[in-house]
Amino acid sequence: MSNKLKERTTSFKDSLQIKEQGLYPYFRAIESGQDTEVKIRGQRVLMFGSNSYLGLTNHPKVIEASQKAAIQYGTGCAGSRFLNGTLDLHEQLEAKLAEHTGKEDALLFSTGFQANLGALSCITGRHDYILLDERNHASIIDGSRLSFSKVIKYAHNNPKDLEKKLSLLPEESLKLIATDGIFSMEGDIVRLPEMVEVAKAYDAAIVVDDAHSLGVIGEKGAGTASYFGLTDEVDLIVGTFSKSLASLGGFIAGTKDSIEYLKHKARSVMFSASMPPSAVASTLAALEIMREEPEHMQRLWDNTHYMKSLLVENGFDLGKTESPILPVYIRDSEKTFRITQMLFENGVFVNPVVSPAVPSEESLIRLSLMATHTFDQIEEAVDKMIKARTALRIGTLDTATI
Ligand code: PMP
């Protein structure tokens, strides 16, 4: 082995102090089906860290569709959409997604990450500009970097700052604004009406990443543009199947011409194998359930409001969330790891979010609701959070973090 590589990997391992402290919270293997209660290291754990907002990963119709597709089409596509990897199933899902989002056409990618990577890297070039919310998802940032365009960040969810930045750019250049619809850590919704106004004033295109908005907001869960009635004003909608749609994969929806462009320019679709049949079929089934059974989205929101009200009543600082993502601000990274570990030992799974995902003073534990949680499970989790907070001497919103 190269000595230099050995030095690099060993020094990284040594930097993982949280492992020595017994606070390492990542890569915890689940040994059971994935619902609101899972088994980890033989223990029952309440799951408050999943993105399966509608709780459809165990839905019999979704499982059956996935099984049937594997039997009919095989387990994989062994090629990219561009070449041998296009099935009629892929085209069916694209047509349904175009209809669902209110766009002319859609294109599948093998993950949501690849959708952002592919689109953001190929639309703008060296002489163009990409404007990013400072809290956008990593896949948007990475895609922008690959474009060789000039990347400018604007203050989080701040149309005024966006306008300031746009006003300094040359009129003739192509400008692309990319934003999350619901922000994945903070849980707030993009101020789309004002962003769209600014975009129009400067002839900028706008891409909204609806990873956390599909199945959560908008007509039948159609996402952010639908929620604000601005479907025609948003140029491209990005989505993932790894959250509400209970599968794996991603897509981009837009005009026929923009999808045609992406089909021939987005390298992550042209040079990577297409979604396997079982994943396409489970997405199709979940999409149908989402559209036909509004009760799942209703239950998700009932659960969200219930848990949010309990947490706020008990003095937890939830920032500006407006969604089933409930960030509980701890504002100290070590305490964030400690409360995550204590909750885990007491049977509650939450995700710690620390730097570089957020600035350290904004460290938080991220809880996310599912339609399938019960009020009893929510009460149990909140009760355990109150106990952990007391044991770790973490302050309430009134007393400030101590
Ligand atoms: N965009 C956002 C906002 C996300 O949160 C995620 C996943 N966490 C992705 C894109 C990537 O989606 P996928 O899991 O399908 O790769």
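The numbers attached to residues start from 1 for each chain and follow its sequence in the written order. Predicted model: local features are reported for residues with pLDDT of at least 70 only, side-chain atom pairs are reported and counted for 80 or more only, and whole-chain, interface and lining totals are derived from all residues. Side-chain calculation: all heavy atoms of the structure are included, whereas hydrogens and water are not.

- By the naming in an unreviewed UniProt entry, the chain goes by Serine palmitoyltransferase and is assigned to Leadbetterella byssophila.
- UniProt positions are given in the numbering used here, feature names are shortened, and annotations may be inferred rather than shown by experiment. Here is the UniProt Sequence similarities (unreviewed entry) comment for the chain, exactly as written: "Belongs to the class-II pyridoxal-phosphate-dependent aminotransferase family."
- As recorded by UniProt, the Pathway (unreviewed entry) comment attached to the chain reads in full: "Lipid metabolism."

Quick look at helix 8 (residues 192-201)
Counting along an α-helix, one turn takes 3.6 residues, and residues three or four places apart therefore face a common direction.
For step 1, the next point in the chain: Accessible area is worked out with a 1.4 Å probe on protein chains only. A residue is then buried under 20% of its type maximum, exposed over 50%, and partly exposed in between. Counting from the N terminus, the helices are the DSSP runs of H or I reaching at least four residues and the strands are the DSSP runs of E reaching at least two. For helix 8, every residue scored as buried is listed here: Leu192, Met195, Val196, Val198 and Ala199. What you see down the axis of helix 8 is that its buried residues fit within an arc of 165°, all on one side. Exposed residues pointing more than 90 degrees away from the buried face of helix 8 are listed as Glu197, Lys200 and Ala201.
For step 2, the next point in the chain: At the exit of helix 8 stands Asp203, carrying a positive phi of roughly 50°. Note that the arc is defined by the directions from the helix axis to the C-beta atoms.

Some remarks on the packing of helix 14 (residues 333-345) against helix 15 (residues 375-391)
For step 1, the next point in the chain: All axes are obtained by fitting lines to C-alpha atoms, using only the stretch in contact for helices, and the reported angles, taken between N-to-C directions, cover 0 to 180 degrees. Running from N to C, helix 14 and helix 15 cross one another at 130°; their axes reach a closest spacing of 10 Å. With respect to helix 15, the element helix 14 is oriented oblique. In the packing of helix 14 onto helix 15, the handedness of the crossing is right-handed. Taken together, the residues of helix 15 that come into contact with helix 14 (itself represented by Ile339, Met342 and Leu343) are Lys384, Met385, Ala388, Arg389 and Ala391.
For step 2, the next point in the chain: Residues are grouped as follows: Ala, Val, Leu, Ile, Met, Phe, Trp, Tyr, Cys and Pro are nonpolar; Asp, Glu, Lys and Arg are charged; all remaining types, including Gly, are polar. Of the residues assigned to the contact of helix 14 with helix 15, the class counts are six nonpolar, no polar and two charged. Angle categories are assigned with fixed cut-offs, so that under 35 degrees is roughly parallel, over 145 is roughly antiparallel, 65 to 115 is roughly perpendicular, and the rest are oblique. Note on convention: the crossing is left-handed when the near helix lies turned anticlockwise from the far helix by less than a right angle, right-handed when the turn is clockwise. What makes two residues a contact is simply this: any of their non-hydrogen atoms within 4.5 Å.

Re the domain arrangement of the chain
For step 1, the next point in the chain: Under the domain assignment used here, the chain contains domain 1 (15-47 + 294-392) and domain 2 (60-292).
For step 2, the next point in the chain: An automatic or database domain assignment supplies the residue ranges for each domain. Taking only C-alpha atoms into account, the centre of domain 1 sits 27 Å from that of domain 2.
For step 3, the next point in the chain: Between domain 1 and domain 2, the residue contacts involve 19 residues of the former and 18 residues of the latter.
For step 4, the next point in the chain: Using a 1.4 Å probe, buried area is obtained as the accessible area two parts lose upon being combined, added over both of them. In total, about 1300 Å² of surface goes out of reach between domain 1 and domain 2, with carbon and sulfur atoms giving 59% of it.
For step 5, the next point in the chain: The largest share of the area that domain 1 buries against domain 2 comes from Met297, Glu322 and Ile325, three residues that together contribute 33% of it.
For step 6, the next point in the chain: A carboxyl oxygen of Asp or Glu within 4 Å of a side-chain nitrogen of Lys or Arg is what we treat as a salt bridge. For the interface between domain 1 and domain 2, the tally reads one salt bridge.
For step 7, the next point in the chain: Ionic pairing is found between Glu362 and Arg135, a salt bridge with its closest N-O pair at 3.1 Å.

Quick word on the site of the ligand
For step 1, the next point in the chain: Around the ligand, the structure places 15 residues, and the nearest of them are Gly112, Asp209, His212, Thr240 and Lys243.
For step 2, the next point in the chain: His212 places a polar side-chain atom, nitrogen or oxygen, 2.6 Å from an oxygen atom of the ligand.
For step 3, the next point in the chain: Considering every element that reaches the shell around the ligand, the biggest residue donor is helix 5 (residues 112-122), with three residues.
For step 4, the next point in the chain: Here the shell around the ligand is composed, by residue class, of two nonpolar, ten polar and three charged. Note on definitions. A residue lies near a molecule or strand when any single heavy atom of the residue is within 4 Å of it. N or O atoms within 3.5 Å of each other form a polar contact, as long as, within protein, one can give a hydrogen and the other can take it, and as long as residues adjacent in sequence are counted only when both atoms are side-chain atoms.

Focus on the pattern of salt bridges
For step 1, the next point in the chain: What the rule picks out here adds up to 16 salt bridges.
For step 2, the next point in the chain: Note that Lys61 is salt-bridged to Glu293, the shortest N-O span being 3.8 Å. Taken together, the residues Lys61 in helix 3 (residues 60-73) and Glu293 in the loop between helix 12 (277-292) and helix 13 (295-313) connect sequence positions 232 residues apart.
For step 3, the next point in the chain: The shortest N-O distance in the salt bridge between Arg145 and Asp142 comes to 3.4 Å.

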